[in-house]
Amino acid sequence: MVRRILLLVCFFSLSAYSQTDPDTLIVAMKTPDTILVPKPASPWEKKNTINFDLSEIAFVNWNAGGVNSITGLVKGTFTRLRRTAKTKFSNELIVRYGVNKQESIEWRKTDDAFQFSSTYGYRKDTITKWFHSAKFNFNTQFTNGYAYPNTDLAISMPFAPAYTFFGVGAEYSNREENINIYLSPLTLKNTLVLNQRLANQGAFGVTPAEIDPVTGLILREGEKSRTELGILVTTHVKREIFKNIKVENRLNLYTDYINKFGNIDVEWQLLVDFIVNEYVKANVGLHMIYDDDIKAKEEIDGEQVTIGPRLQIKQMLGIGLEYKF
């Protein structure tokens, strides 16, 4: 009798198991902590690139002579892009900092930049490549700058200067060709010089201090900001001209409506990358700036003398490591 009861229990248990969905059983056996929920995809396209360039030269009993030196440069580019069918919101942060050390000479800065830009665009349909856009730019530096060998008086500092641009206009964005052109007939440019000594000098175009010609005393402090309204044109093109050789070109043009209209501030950057492999890359760069409000300084008889606006040119050549994530 007991044997028959056990056989009936086994039969009904097997029948119930066969009628149950195996997937249901698996889910039922799992605890809530073990249930895997797929992570939603981020709407942002992210790209981070960090470069480190290093060059060094050393001499030992070298008949031709020379000076031991080492140069290092760290660069970072971080982009965030969000697209929908009719909108585009792009953000880019570029940072650079470089130093050089020569024998018997103190460390000297070779590069210093903090640049952030943000653009929001809207287009009326999904075919056109023209967007109604608003753009914001912010540029400054990390540490003090000097007219070497004079390291007593800084000629620039963090937020002295700092530049902000905010404007509205039209943007042509061709993703396939890597071409971006921005045209703004209304751009507000603000120059900050948050150091009173530099502001009193009228550095970077701000109104200088009013000084008594007899006593030399300051009657009115220099202004720490200057606001302009003008036209801004920017272009950004990035192409692979040959295999593993990429060229990036950036050009910014700005002119103010009120102060010297037609006098154009120019900033041009050209960078050529030679890709060795996934992590090693050589590069050649050229950076040129002309701004009538930036007066060059020279060391004459131990004193800093302002000599007027000059074309600023910086040439770069380096090889180093690149890491993308």
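Look a little higher up for the structure.
Note that this is a predicted model, so its numbers are computed, not measured.

(A) Structural context of the overall build of the chain. Tallying secondary structure elements over the chain gives three helices and 16 strands in all. Considering only residue pairs separated by 6 or more positions, the chain has 53% of its internal contacts joining residues 24 or more positions apart. Summed over all atoms, the accessible surface of the chain reaches about 20,900 Å², with 63% contributed by carbon and sulfur.

(B) Quick peek at the side chain of N150. Relative to the helices and strands, N150 is located in the loop between β5 (130-140) and β6 (162-174). Among the polar contacts made by the side chain of N150, one reaches the main-chain amide nitrogen of L153 at a distance of 3.4 Å.

(C) Inspection of the sheet that holds strand β16 (residues 312-324) at higher detail. Pairing is antiparallel in the closed barrel, where 12 strands are placed in the order β1-β2-β3-β4-β5-β6-β7-β10-β11-β12-β13-β16. When the angles between neighbouring strand axes are averaged without regard to direction, this sheet yields 20°. In terms of strand pairing, strand β1 (residues 44-57) meets β16 through five bridges, oriented antiparallel. Across the sheet, residue D53 finds its bridge partner in β16, namely G320.

(D) Structural detail: the pairing of β1. Where β1 meets strand β2 (residues 69-83), 14 bridges bridge the pair, whose relative direction is antiparallel. Paired with W44 across the two strands is R82, which belongs to β2.

(E) Just the nonpolar core, in detail. With 15 residues, the main nonpolar core has M157, A160, Y163, V193, L198 and F204 as its most contacted residues. Sorting the residues of this core by element identifies β6 and α3 (196-201) as the ones contributing at least two each. For M157, the contacting residues outside a window of four places in its chain are Q141, T143, N144, N195, R197 and L198.

(F) Summary view of the pattern of salt bridges. The final tally for this structure, using the stated rule, is 19 salt bridges. Residue R108 is joined to E106 by a salt bridge in which the shortest nitrogen-to-oxygen separation is 3.4 Å. Look at R108 and you get partly exposed, because its relative accessible area is 25%. Between K109 and D112 there is a salt bridge, with the nearest N and O atoms lying 3.0 Å from each other. According to the relative accessible area criterion, D112 is buried, its value standing at 15%.

Here is what the cut-offs are and how they apply
Residues numbered from 1 in each chain as written. Predicted model: local features only at pLDDT ≥ 70, side-chain atom pairs only at ≥ 80, totals over all residues. Heavy atoms only, no water. Helix = DSSP H or I, 4+ residues; strand = E, 2+ residues; numbered from the N terminus. Contact = heavy atoms within 4.5 Å. Areas by Shrake-Rupley, 256 points an atom, 1.4 Å probe, with all protein chains shown as cover. Polar contact = N/O pair within 3.5 Å; in protein donor to acceptor, adjacent residues only side chain to side chain. Pairing = 2+ DSSP bridges. Axes fitted to C-alpha atoms, helices over the stretch in contact; angles between N-to-C directions. Core = buried A, V, L, I, M, F, W, Y, C linked by side-chain atoms within 4.5 Å. Buried < 20%, exposed > 50% of the residue type's maximum accessible area, 1.4 Å probe, protein only. Salt bridge = Lys/Arg side-chain N within 4 Å of Asp/Glu carboxyl O.

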